[in-house]
Amino acid sequence: FIDLIKQTIDIHLNNNKVQQSVCALLRSIAMNSENEIDIVKFGLLNQIKLLFKTHFNDNLLQERLAGLLMNISVNSENRKIIVEQDFLPIVKKSMEDCLEINNVQERLIGALRNIAIDTKNKSIVMQNKFLEIIKKLMKLHSSHEMIQANSCSLLMTLAVNKENELEISNDNDFLDLIKNSMENHQSSFIVQQKALGALMNIAANTISRTKIIKLDILPIIKKVMQNHFKDAIVQERACTAIWNLAILDDKSKQLIVQIGLLDSIKIAIKNHISNPTVLEEACGALRILAALTENELIIVKQGYLYLLKQIILNYSNNSTILQRACGTIMNLVVNSENQKIIVKFGFLKIFKELILKNIENTEVQERLCGSIRNIVLNSNNQRKILNIELLLALTSTIQNNLNSTNVRQHTTYTVSKYN
C-alpha cells in the first residue's frame, strides 16, 4: 500500500488534485500509531518533503501536508528522523509562505510542538530561529483559538530547557502575547491549559517572575481558575504558576494572598481532592505562601487545616504530597497561635503514625520532625504532646535517617524538651 502511495505521488507530482487527495488519505491513516510509524519506516518522508517544496503555492495541500506532519511527529522515533532529514527549514518556509492561512499555521505549529518534545530537538528548534515567526503568527491570528493554543503549547515545551526559557522571557513580547491569549480566549480550556503551562515554565527564573508580576497576570490567573474550576489541568498548572511566582520574594507572596488566590487554591483542592497531581501542585504553592509570617494566620483562618488533614490522611502513601503538605504545616506552626490550633486538630497523633509509616523517607521525616519541633517551641504544648509513643517514633526516625542533619536537629531539640 505504501509503495502504491509513493508511486502515485511520483507519477502525479505536479497534479494538485491528486496530491491533495493522497495527503488527505495519509493524514487520516497517520492518526493510527502503527500507521504513523510505517509511513516513516517505508520512506515516505522524501515524498512529503518534495510535495512541500513543489506545491508551496497550494494552500490546501500545504494544510494537509502540515496535518500529516503533525500526526506522524507524535511518535518519538519519527521526530528524530524528521529533524535528521532537515524538515525544519521546510516547516519554516511553509509558515512564511502561508502566513495568513490559519489552518496551515495551526497544524505546522502543532507539528513543531511535537518535534520540540524531544530534549535535543528543543535546542535545534531554537537554533532555526522559529521564535520570531511564532511571535508574528500569535499577533496576526490573535482570535484563532488553536493557533494560540498550539503556540502557547510550543512555548511551554521549549521553555523546559533553561536556556530557551531565558531567551523566551528576555523577549518581552511573548509574555504580553500569552497574557493576550488568556484574555482573548477566556472560555477556551485548551488555550488556558497551554497558556498556563507556558507561564508555569517561563516563571522558573527571577527575571521572568518579576516581569510576570509587573504585567498584572495574577488577577487573570484567578479568573481562569474561577472559569475553569472543573478542569484539573487548568487547576494544576495555575497552582504551579502561583508556586513559581510566590518564590520571587515576600511581596509576591503578599500580593498573591491579597488578590484572593488562596481562595482559588482552596477551591481547586476541594474540587479535585481525588486528583493527586492537582494536590501536589496546590500543596507546593501553599508551602511557599506559608513561608511569609503574615500569611501563616490567614491560611489557617481560611480553613486550610481541615483540608490539609484530609489530604494527609488520604495520601499517606504519596511521598510528594506528604512532603509538601507537611512542609506547609511546618511553616504554619512557626506562628504561636497556630501551634495551639494544630494540637487541637489532632495532628500530633497523625504525625506519629506518619513517622513510623514513612520511616526511611528523609524529606517527609524532615518536615514531620520540623513541624513537631515548631509546635513544642510553645511551652504550653510540651506537656500535652510529648508522650512516650511519640518520643519512641522520633528516636526511631533518627536511627533511620542518620545522614539528615535536619532530622537530627529537629528531633534532638524536641526530645530535649521532654528531658
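A brief report on the enclosed structure follows. Just so we're clear, the structure is a prediction, and the values are computed from it rather than from any experiment. (Residues numbered from 1 in each chain as written. Predicted model: local features only at pLDDT ≥ 70, side-chain atom pairs only at ≥ 80, totals over all residues. Heavy atoms only, no water.)

**Considering the overall build of the chain**
- Secondary structure summary: the chain contains 29 helices and zero strands in total.
- With the principal axes as the frame, the chain shows a C-alpha extent of 90 × 40 × 35 Å.
- Looking at the chain as a whole, 57% of its 419 residues qualify as buried.
- Counting 48 positive and 40 negative side-chain charges, the chain places the centres of these two groups 7 Å from one another. (Helix = DSSP H or I, 4+ residues; strand = E, 2+ residues; numbered from the N terminus. Buried < 20%, exposed > 50% of the residue type's maximum accessible area, 1.4 Å probe, protein only. Lys, Arg positive; Asp, Glu negative; His and termini not counted. Charge placed at Lys NZ, Arg CZ, Asp CG, Glu CD.)

**Here we look at the side chain of histidine 141**
- Checked against the element boundaries, histidine 141 lands in the loop between helix H10 (131-140) and helix H11 (145-158).
- Given a relative accessible area of 8%, histidine 141 falls into the buried group.
- Setting aside anything within four residues of it in sequence, one finds histidine 141 in contact with Leu99, Glu100, Ile101, Asn102, Gln105, Ile147 and Gln148. (Contact = heavy atoms within 4.5 Å.)

**Digging into the state of the cysteines**
- Per the counting criterion, the structure on display carries zero disulfides.
- No disulfide involves cysteine 23; its nearest neighbouring cysteine sulfur is the one of cysteine 98, lying 13 Å away.
- Exposure remark for cysteine 98: the relative accessible area of 1% places this residue in the buried category. (Disulfide = S-S within 2.5 Å.)

**Points about the packing of aromatic side chains**
- This model, assessed by the stated rule, comprises three aromatic pairs.
- Aromatic side chains phenylalanine 347 and phenylalanine 351 sit 5.8 Å apart centroid to centroid with 45° between the ring planes, which places their arrangement in the tilted category. With a gap of four residues between them, phenylalanine 347 and phenylalanine 351 both fall in helix H25 (residues 347-357), about one helical turn apart. This pair shows no difference in class: phenylalanine 347 is buried, exactly as phenylalanine 351 is.
- Members of the aromatic cluster, each reached through a chain of ring pairs, are Tyr306, Phe345, Phe347 and Phe351. (Phe/Tyr/Trp six-rings, centres within 6.5 Å; stacked < 30°, edge-to-face > 60°.)

**Side note on the pattern of salt bridges**
- According to the stated counting rule, one finds 13 salt bridges in the structure shown.
- Taking the shortest distance from any N to any O, the salt bridge between aspartate 173 and lysine 139 comes out at 3.4 Å. Placement of aspartate 173 in helix H13 (residues 172-184) and of lysine 139 in helix H10 is noted, with a sequence separation of 34 residues between them.
- The class for aspartate 173 is partly exposed, based on a relative accessible area of 28%.
- For glutamate 366, the salt bridge identified is with arginine 367, shortest N-O distance 3.9 Å.
- Residue classification places arginine 367 among the buried residues on the basis of a relative accessible area of 14%. (Salt bridge = Lys/Arg side-chain N within 4 Å of Asp/Glu carboxyl O.)

**Describing the environment of tyrosine 304**
- Turning to its location among the elements, tyrosine 304 is positioned in helix H22 (residues 304-314).
- Overall, the relative accessible area of 0% leaves tyrosine 304 in the buried class.
- The spatial distance from the C-alpha of tyrosine 304 to the C-alpha of lysine 266 is 7.4 Å, given a sequence separation of 38 residues.
- Sequence-distant contacts of tyrosine 304, defined by excluding residues within four places in its chain, comprise Leu262, Ile265, Lys266, Ile269, Leu286 and Ile299.
- Engagement of the side chain of tyrosine 304 in a polar contact is seen with the backbone oxygen of leucine 262, the distance being 2.4 Å. (Polar contact = N/O pair within 3.5 Å; in protein donor to acceptor, adjacent residues only side chain to side chain.)

**Topic: unusual backbone geometry**
- Positive phi, close to 60°, is recorded for lysine 129, a residue that is not glycine.
- Here lysine 129 shows up in the loop between helix H9 (119-127) and H10.
- Positive phi is not limited to glycine here, since aspartate 216 has a value of about 60°.
- With respect to the helices, strands and loops of the structure, aspartate 216 is situated in the loop between helix H15 (206-214) and helix H16 (218-227).

Any functional reading would require information that these geometric values do not contain.
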